[in-house]
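Chain and residue survey
So the chains spell out like this:
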Amino acid sequence: MEQKFRVVKRSIDARQKQLKVHLTVLTDEHGAPLPKDAPIPLYEPPHFQDVHHAEHSVAIIGAGPAGLFAALTLIEKGIKPIIYERGKEVAERKKDIAILNRNQGLNAESNYCFGEGGAGTFSDGKLFSRSKKRGNMQRVMELFHHFGGDDRLLYEAHAHIGSDKLPTIIRRMRECILEHGGEIHFSTCVDESLFRSLINNTTPSYTTLHHSTRLLGVILAIGHSAHDTYHMLHANGVALATKGFAMGVRAEHPQALINKLMYHDPSPELIRLVGNASYSLVTQVQGRGVYSFCMCPGGHIVPAGSALNSCVVNGMSASHRNSPYANSGMVVEIRPEDLLQYPIGGTPSNSQYPQVDPLAGLRFQQELERLAFEHGGEPSLAPAQRLRDFVEGKASKSLPACSYLPGMVSSRLDQWLPEHIGKRLQQGFRDFDRKYRGFLTNEAVILGVESRSSSAVRLPRDPETLQSISTPHLYPCGEGAGYAGGITSSALDGINVALKIAESIIK
Ligand SMILES: Cc1cc2nc3c(=O)[nH]c(=O)nc-3n(C[C@H](O)[C@H](O)[C@H](O)COP(=O)(O)OP(=O)(O)OC[C@H]3O[C@@H](n4cnc5c(N)ncnc54)[C@H](O)[C@@H]3O)c2cc1C
C-alpha cells in the first residue's frame, strides 16, 4: 500500500463489515508525522566480528533458522560457528525441489525440509510468533531486514517474506558467515560417529578436531523432520520426551471465495490495497483443539516430505501472494495419551505405542504419512477429496483445480484417516462453516496429510544452562528440540542459545 508517512506499525482488522487498517506513524517531537523516507528508528545494526582465528568455536547441526541465527549471534560475540548441514546449498536445492514438483522423485537429503535455510527457505515466510515471552522478536525481524527483507518487516503485525525472496536472504546470511570466518559443511549429515566426536571434543582433555580453537558446545538445530537423527540421539543416550503435536490435512479454497467470506464482498481496489484475505479458525471437538495452521493466501500446496514412500503436504506463497488459491493446514491436537488410545491399525490393547516410548509420536507421524502415500501414489501424488464430500462421507468423482503441482488422486480420506482425527476434522469444518457460511463447499479440496505442523518430540534441556538434561555441552535448539514452532521462534531460540553459550566465556 502506498504510504505517505513513515509507518512503524500496521495491522488489518477484518472482524467487522467495515475493514479497518491500523497504522502507527513516526512523528517528530511536536507530534507531526514524518515523511515516508524519514530514517527508520532503527535498531543497532549488527556488528559481526572476524572469527577466522577465534579462540572459541561452537558446532551447529542444522542450517535452518535456529542454526543460522545462532551462527550469526555467535559471530557477533566473537565465537566461530562450524555448521554441519545434511542438505545442499540453496541454488542446488532449488533444482531438487523443481524435480520434486514435477513428480519426478524425492531426494531424501535435499527437499522442502532439508538444505540451506532448513524448512524456512521455501516456506511461506510468515514471520510472527504467538509467544511474546521468549525474547527479542524485533531482533529477528531486524536481521531478516539487514539481509535483504523489505521495510515492512519492521512494522507489519503479520510480516511475510515469501518463498521467492527467502532464498536470496538465506544465501546472504551464508556469505556473511563465511566472510567473517565461520565454516559451513554442506551435504554432511551428522551421524553417530560425527555426533560422538563432536560431543567428545567439547571436553578440553580430548584431542580436538579443530586444533586452534576450543569447542564450547554443540547446538542441535535439526528441525522436526530428521527422524533418523532422533533415533540416533535416542540410541546414544540423549534424553528425549513425548510432547503434544497436531496432524490433519491441507485445505484449499479459491482465493476469491475466501476474500468474499473474510472481507465481505470486497472490491478489486480493496484487495489491491490490503492484499488477499487470510483466516485463522479454531474450535474444540470432543476435548481437542481443531484449528487452521499456517494459512497461505494466494499460495501453493507443496510436497513437504523428507522420506521416500511417504506423503506430506504443507503450504507456501510468493511475496505477492497472488495465486488464485488460498490454502491452510487444518489440524487436530494430539496428546501423547491419544497414541495409546487410538493406534493406527490396532486396538488399545495391542497398541504399538507404549507410553514410555519417547519416539511414539514420530512413529505415528510416519505411519500416517505412509498411509497417505499408499492412497496417493508414486512418487508424490497426494490423496485428495472435495471438502463437502469429506464431511458427508462421499467419494469425489472429480477433483477441482488445485495448486499442488505433483498431482492428486481422489481418495476417501474420511475412511482412512484415524477416527480421532477424521471425525474431529469433519465436525471442525461444520463449525467453521457456521462462522463463515460458504466455507464448507465442494469448490474446496483437502489433501493428506499435514503431519509436520509441530514437533512430536522434545529434547528436554536445563532451563538455566539450556544444555540437554542428559548430555553436557549439547544445546537442543529450535523447532526440532520442541522449544519453538515456526521461523521466528526458532530463530529466536537460536539467538538465545548462542547468547547463553557466549555468557559462559564472559563469566
Ligand atoms: C512448506 C513450509 C512452509 C512453512 N511456512 C512457514 C511460515 O510461513 N512461517 C513460519 O513461521 N514457519 C513456517 N514453516 C515452518 C518453519 O519453516 C520451521 O518452523 C522452521 O524452519 C524451523 O526452524 P529450525 O531451524 O528449528 O529447523 P529447520 O528449519 O527444520 O532446519 C533444520 C535443518 O537441520 C538439518 N539437519 C537435520 N538433521 C541433520 C543432521 N543429522 N545433520 C546435519 N543437518 C541436519 C536439516 O537439513 C535442516 O536444514 C514452514 C515449513 C514448511 C515446510
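Because the structure is a prediction, the values reported are computed rather than measured.

Not every one of the 36 residues close to the ligand is listed here, only the nearest: Glu85, Ala119, Val190, Glu479 and Ile487. One nitrogen or oxygen atom from the main chain of Ile487 is found 2.7 Å from an oxygen atom belonging to the ligand. Protein contacts shield 95% of the accessible area of the ligand, which totals 1000 Å² for the unbound molecule. Taken domain by domain, the shell around the ligand gets at least three of its residues from each of domain 1 (56–240 + 460–506) and domain 2 (242–450).

A few words on the sheet that holds strand β12 (residues 288–296). The sheet built from 7 strands is open, its strands ordered β11-β12-β15-β10-β18-β16-β17 with mixed pairing. The sheet is open, and its two borders are formed by β11 (282–285) and β17 (408–410), each paired with just one other strand. Direction aside, the axes of adjacent strands within the sheet are offset by 30° on average. Strand direction decides the pairing type here: β12 and strand β15 (residues 325–334), joined by 5 bridges, are antiparallel. Within β15, the residue paired with Val290 across the bridge is Val332. Strand contacts of helix α13 (residues 419–435): β10 (245–254), β11, β12, β15 and β18 (445–450), with the helix running at about 130° to β15, the strand carrying the most contacts.

Moving on: helix α1 (residues 65–76). Over its 12 residues, α1 runs 16 Å from end to end, which matches the ideal 16 Å to within 8%, given 1.5 Å per residue. Burial analysis of α1 places 12 of its 12 residues in the buried class, which makes it a mostly covered element. If you check which residues of α1 are buried, you get Pro65, Ala66, Gly67, Leu68, Phe69, Ala70, Ala71, Leu72, Thr73, Leu74, Ile75 and Glu76. For α1, the secondary structure elements touched by its buried residues are β3 (56–61), β4 (80–84), α3 (137–146), α4 (166–179), β8 (214–220) and α14 (487–506).

Before going further, it helps to spend a moment on the domain arrangement of the protein chain. Split into domains, the protein chain comes out as domain 1 (56–240 + 460–506) and domain 2 (242–450). Taking only C-alpha atoms into account, the centre of domain 1 sits 28 Å from that of domain 2. The interface of domain 1 with domain 2 comprises 28 residues on the first partner and 29 residues on the second. There are 0 salt bridges connecting domain 1 and domain 2. Put simply, domain 1 and domain 2 have 8 residue pairs in polar contact (both at pLDDT 80 or more) between them. In the side of domain 1 that touches domain 2, the residues fall into 10 nonpolar, 14 polar and 4 charged.

As a further point, take the packing of aromatic side chains. Evaluation of the coordinates by the stated rule reveals 7 aromatic pairs. Ring centres 6.4 Å apart and planes at 85° place the aromatic pair Tyr112 and Phe122 in the edge-to-face group. A residue pair is termed long-range when its members are at least 10 positions apart, and Tyr112 in the loop between α2 (90–101) and β5 (126–127) and Phe122 in the loop between α2 and β5 qualify at 10 residues. On the basis of relative accessible area, Tyr112 is assigned to the buried category, the value being 5%. Ring geometry for Phe432 and Phe439: centres 6.3 Å apart, planes at 85°, overall edge-to-face. Each member of the pair, Phe432 as well as Phe439, is classed as buried. Positioned above the aromatic ring of Tyr483 is the side chain of Arg458, whose terminal nitrogen or guanidinium carbon lies 5.3 Å from the ring centre. One cation-aromatic arrangement involves Arg461 over Tyr483; the distance from NZ or CZ to the ring centre is 3.9 Å.

Note: β11 against β12, 4 bridges, orientation antiparallel. Looking across to β12, one finds that Gln284 is bridged to Gly289. What sits between the antiparallel neighbours β11 and β12 is a turn of 2 residues, in which Gln286 has the positive phi angle 45°.

About the criteria used
- Residues numbered from 1 in each chain as written.
- Predicted model: local features only at pLDDT ≥ 70, side-chain atom pairs only at ≥ 80, totals over all residues.
- Heavy atoms only, no water.
- Near = heavy atom within 4 Å.
- Polar contact = N/O pair within 3.5 Å; in protein donor to acceptor, adjacent residues only side chain to side chain.
- Areas by Shrake-Rupley, 256 points an atom, 1.4 Å probe, with all protein chains shown as cover.
- Domains from an automatic or database assignment.
- Pairing = 2+ DSSP bridges.
- Helix = DSSP H or I, 4+ residues; strand = E, 2+ residues; numbered from the N terminus.
- Axes fitted to C-alpha atoms, helices over the stretch in contact; angles between N-to-C directions.
- Contact = heavy atoms within 4.5 Å.
- Expected span 1.5 Å × (residues − 1).
- Buried < 20%, exposed > 50% of the residue type's maximum accessible area, 1.4 Å probe, protein only.
- Salt bridge = Lys/Arg side-chain N within 4 Å of Asp/Glu carboxyl O.
- Nonpolar A, V, L, I, M, F, W, Y, C, P; charged D, E, K, R; others polar.
- Phe/Tyr/Trp six-rings, centres within 6.5 Å; stacked < 30°, edge-to-face > 60°.
- Lys NZ or Arg CZ within 6 Å of the ring centre and 35° of its normal.

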